[in-house]
Amino acid sequence: MQSWPMGEKKYENMSFLPPLTNEEIAKQVQYLVSNGWVPCIEYTHPQEGFARGGNSATVNTSGYYDNRYWTMYKLPMYGCNDPNQVLEEIFSCKAENPGCFIRLLGFDNVRQVQCAGLIIVRPDQP
């Protein structure tokens, strides 16, 4: 059994996998929209792409992590049910923000919660 290497930063779900292909990203998007979730794309610079423990002002607050909020790329894609539209937005975000992490989120607009989140572009991948 392997364990996570010491000193390695942890990111989002499935961040331990190799970079996803466009087909694999499209399948993830299809999963989001087939569940009725709203796709949303966010990005951040490499030094802010991971959650870290709270700062001294939040030492008494459990569950708080700095860097959990990333910059939203445009608005959430309400009503979108075509994975190709989301892929186009991902490519646009990548072109406009080179060298950044990009993640895909899925929001349930009825329960008003995030149901899925995964990093789909890393700064070190072409």
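Residues numbered from 1 in each chain as written. Predicted model: local features only at pLDDT ≥ 70, side-chain atom pairs only at ≥ 80, totals over all residues. Heavy atoms only, no water.

Got a sec to walk through the overall build of the protein chain? Specific residues and values, please.
Within the protein chain one finds two helices and six strands. Traced from its N-terminal end to its C-terminal end, the protein chain shows the element sequence α-β-β-β-β-α-β-β. Evaluated residue by residue, the protein chain yields a buried proportion of 37% over its 126 residues. If you take every contact in the protein chain between residues at least 6 apart in sequence, the share linking residues at least 24 apart comes to 65%. Carbon and sulfur atoms provide 51% of the accessible area of the protein chain, an area that totals close to 8300 Å². (Helix = DSSP H or I, 4+ residues; strand = E, 2+ residues; numbered from the N terminus. Buried < 20%, exposed > 50% of the residue type's maximum accessible area, 1.4 Å probe, protein only. Contact = heavy atoms within 4.5 Å. Areas by Shrake-Rupley, 256 points an atom, 1.4 Å probe, with all protein chains shown as cover.)

Could you give an account of unusual backbone geometry, naming the residues involved and the relevant values?
In this structure, Lys74 is a non-glycine residue whose phi angle is positive, near 60°. Topologically, Lys74 is positioned in the loop between strand E4 (71-72) and helix H2 (83-96). Residue Gln112 is not a glycine yet carries a positive backbone phi of 55°. In this structure, Gln112 sits in the loop between strand E5 (101-108) and strand E6 (113-121).

I'd like to hear about the pairing of E5, residue by residue, with values.
Buried residues dominate E5, accounting for seven of its eight residues. Pairing geometry for strand E1 (residues 38-44) and E5, over seven bridges, is antiparallel. Following the sheet pairing, Tyr43 is matched in E5 by Ile102. Pairing analysis gives seven bridges linking E5 to E6, with the strands arranged antiparallel. When the bridges of E6 are listed, Phe107 appears paired with Gln114. (Pairing = 2+ DSSP bridges.)

Could you give an account of the sheet that holds E1, naming the residues involved and the relevant values?
If you trace the four strands from one edge of the open sheet to the other, you get E4-E1-E5-E6, paired in antiparallel fashion. Both outer strands of the open sheet, E4 and E6, are each paired with one neighbouring strand and no more. Across the sheet, H2 touches E1, E5 and E6, and the angle it forms with E1 is around 10°. (Axes fitted to C-alpha atoms, helices over the stretch in contact; angles between N-to-C directions.)

Got a sec to walk through H2? Specific residues and values, please.
Under the 1.5 Å per step criterion, the end-to-end length of H2 is 20 Å for 14 residues, consistent within 8% with the ideal 20 Å. Residues Pro83, Val86, Leu87, Ile90 and Cys93 constitute the buried set of H2. Seen along its axis, H2 keeps its buried residues to an arc of 120°; they face one direction. The outward face of H2, more than 90 degrees from its buried face, is lined by the exposed residues Glu88, Ala95 and Glu96. Against helix H1 (22-34), E1, E5 and E6 lie the buried residues of H2. (Expected span 1.5 Å × (residues − 1). Arc of directions from axis to C-beta.)

Describe in detail the nonpolar core, supporting the description with residues and values.
Ranked by internal contacts, the top residues of the largest apolar core, which has 22 residues, are Ile25, Ile41, Val86, Ile90, Ile102, Leu104 and Ile120. For this core, the secondary-structure elements that each account for two or more residues are H1, E1, H2, E5 and E6. (Core = buried A, V, L, I, M, F, W, Y, C linked by side-chain atoms within 4.5 Å.)

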